[in-house]
Amino acid sequence: MKDQDIEPFFATLQAANPSPVSELEYSTVFELLAAVLLSAQATDAGVNKATRRLFHVANTPQAILALGQEGLEEYIKTIGLYRMKAKHLLETCRILMERHGGRVPRKREELEALPGVGRKTANVVLNVAFGEEAMAVDTHVFRVSNRTGLAPGKDPVEVERKLMQRVPKHYLVDAHHWLILHGRYVCVARLPKCWECAVARWCDYQPKTPPPALRT
């Protein structure tokens, strides 16, 4: 993707969705952290189904610690890798209580020190909860960045670095939402829906996928 194409690319995504939000359901910073931690290798819809029940009875570090491992597992057992995620979430809650007064820290290094919280999760919390210019590179952002030529890279950290360099500053806060949603619903993994893509003209991907009726 040429440098001059980046502005219209994001302007078009913004026009279609001026105020993008996470599809994970949450009402507090801690609920967001817990939901993102649980979302690894799981769909947002699946996580939301579980957390609606969980957060109704336990939506603070102290309340989740009171559930214990088996109690927490009962609420999240429909999510993949639920046993390990329950362990990580409980340990994270313990650290939040012991070191941070039960509050989610705003510093990246403190977030990444929490069990089950990697760079992507930390970026989501920093961006969504605190409004910082951070780029969470999940599988959708990684695919769209490489396929379009916006920020090609061999790993998420390289893609993140290039996105932070190439995305205009006035789009940075919302950019990862637009890229995630675009990858989830249009620029899908197996067969990108180029025929309904509003930003196809600025995308490097070739050949563009034709509409279903025109495929042979």
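Residues numbered from 1 in each chain as written. Predicted model: local features only at pLDDT ≥ 70, side-chain atom pairs only at ≥ 80, totals over all residues. Heavy atoms only, no water.

## Some points on the overall build of the protein chain
Cut-off, in case you're wondering: Here a strand is any run of E in DSSP of at least two residues, a helix any run of H or I of at least four, and the numbering for each starts at the N terminus. Here the globule rule reads 2.2 Å times residues to the power 0.38, and the radius of gyration is calculated from C-alpha atoms. The buried label goes to any residue with under 20% of its type's maximum accessible area, the exposed label to any with over 50%, and the partly exposed label to all in between, with areas taken from a 1.4 Å probe on protein chains only. Only the protein chains shown count as cover for residues, and the accessible areas themselves come from Shrake-Rupley with a 1.4 Å probe. Charged residues are defined here as Lys and Arg on the positive side and Asp and Glu on the negative side; His and the ends of the chain fall outside this count. Positions of charges follow a simple convention, taking NZ of Lys, CZ of Arg, CG of Asp or CD of Glu.
When helices and strands are counted, the protein chain shows 10 helices and 0 strands. Taken from N to C terminus, the helices and strands of the protein chain fall in the order α-α-α-α-α-α-α-α-α-α. Here the C-alpha radius of gyration of the protein chain, 19 Å, is about what a compact globule of 216 residues would show, namely 17 Å. Split into buried and exposed, the 216 residues of the protein chain put 47% on the buried side. Surface exposure of the protein chain reaches about 11100 Å², of which carbon and sulfur atoms provide 53%. Of the charged side chains in the protein chain, 29 are positive and 24 negative; the average position of the first set lies 4 Å away from that of the second.

## Digging into the environment of Phe55
Just so we agree on the cut-off: Working rule for contacts: check all heavy atoms of both residues, and any pair within 4.5 Å makes them a contact.
Along the polypeptide, Phe55 turns up in helix α3 (residues 44-57). In sequence terms Phe55 and Tyr75 are 20 residues apart; their C-alpha atoms lie 9.4 Å from each other. In this view, Phe55 contacts Glu25, Glu31, Ala34 and Ala35; residues no more than four positions away in its chain are not counted.

## Brief notes about the packing of aromatic side chains
In plain terms, the rule: Only Phe, Tyr and Trp rings are paired, with Trp represented by its six-membered ring, and only when their centres lie within 6.5 Å; those with planes under 30 degrees apart are stacked, over 60 edge-to-face, the remainder tilted. Our definition puts a charge over a ring when NZ of Lys or CZ of Arg is within 6 Å of the ring centre and also within 35 degrees of the ring normal.
Overall, the coordinates contain 4 aromatic pairs when judged by the stated rule. Aromatic side chains Phe10 and Trp178 sit 6.4 Å apart centroid to centroid with 50° between the ring planes, which places their arrangement in the tilted category. Within this pair, whereas Phe10 is found in helix α1 (residues 3-16), its partner Trp178 is found in helix α10 (residues 172-185), the two being separated by 168 residues in sequence. Each member of the pair, Phe10 as well as Trp178, is classed as buried. Three or more aromatic residues joined by ring pairs make a cluster, and in this case those are Phe9, Phe10, Tyr171 and Trp178. Here Arg147 stacks its cationic end above the ring of Tyr205, 5.3 Å away from the centre of that ring.

## With respect to the pattern of salt bridges
To keep things clear, this is the line we draw: A side-chain nitrogen of Lys or Arg and a carboxyl oxygen of Asp or Glu constitute a salt bridge if their distance falls within 4 Å.
Overall, the coordinates contain 14 salt bridges when judged by the stated rule. The salt bridge involving Arg52 is made with Glu25; its shortest N-O contact spans 2.8 Å. Here Arg52 is found in helix α3, whereas its partner Glu25 is found in the loop between α1 and α2 (29-38), with 27 residues between them in sequence. Residues Arg119 and Glu112 are paired through a salt bridge, measuring 3.8 Å at the closest nitrogen-oxygen approach. The exposure class of Arg119 is partly exposed, given its relative accessible area of 34%. The network of salt bridges with shared partners includes Arg108, Glu112, Arg119 and Glu160.

## Topic: the side chain of Asp138
This is how the line gets drawn: We define a polar contact as two N or O atoms separated by no more than 3.5 Å, with the added condition that, inside protein, one atom must be a possible hydrogen donor and the other a possible acceptor, whereas residues neighbouring each other in sequence contribute only through side-chain atom pairs.
Among the secondary structure elements, Asp138 is positioned in the loop between α7 (119-129) and α8 (139-148). Here Asp138 is buried and forms no salt bridge, its nearest opposite-charge partner Arg184 lying at an N-O distance of 4.7 Å. There is a polar contact of 2.9 Å between the side chain of Asp138 and the backbone nitrogen of Val141. The contact partners of Asp138, leaving out residues within four places of it in the chain, are Lys120 and Ile180.

## Here's the deal with α7
Taken across its 11 residues, α7 has 8 buried, putting it largely inside the fold. Within the span of α7, buried status applies to Thr121, Ala122, Asn123, Val124, Val125, Leu126, Asn127 and Val128. Those residues of α7 that are buried are in contact with α2, α6 (108-112), α9 (156-166) and α10. Directly beyond the C-terminal end of α7, a positive phi value near 70° is found at Gly131.

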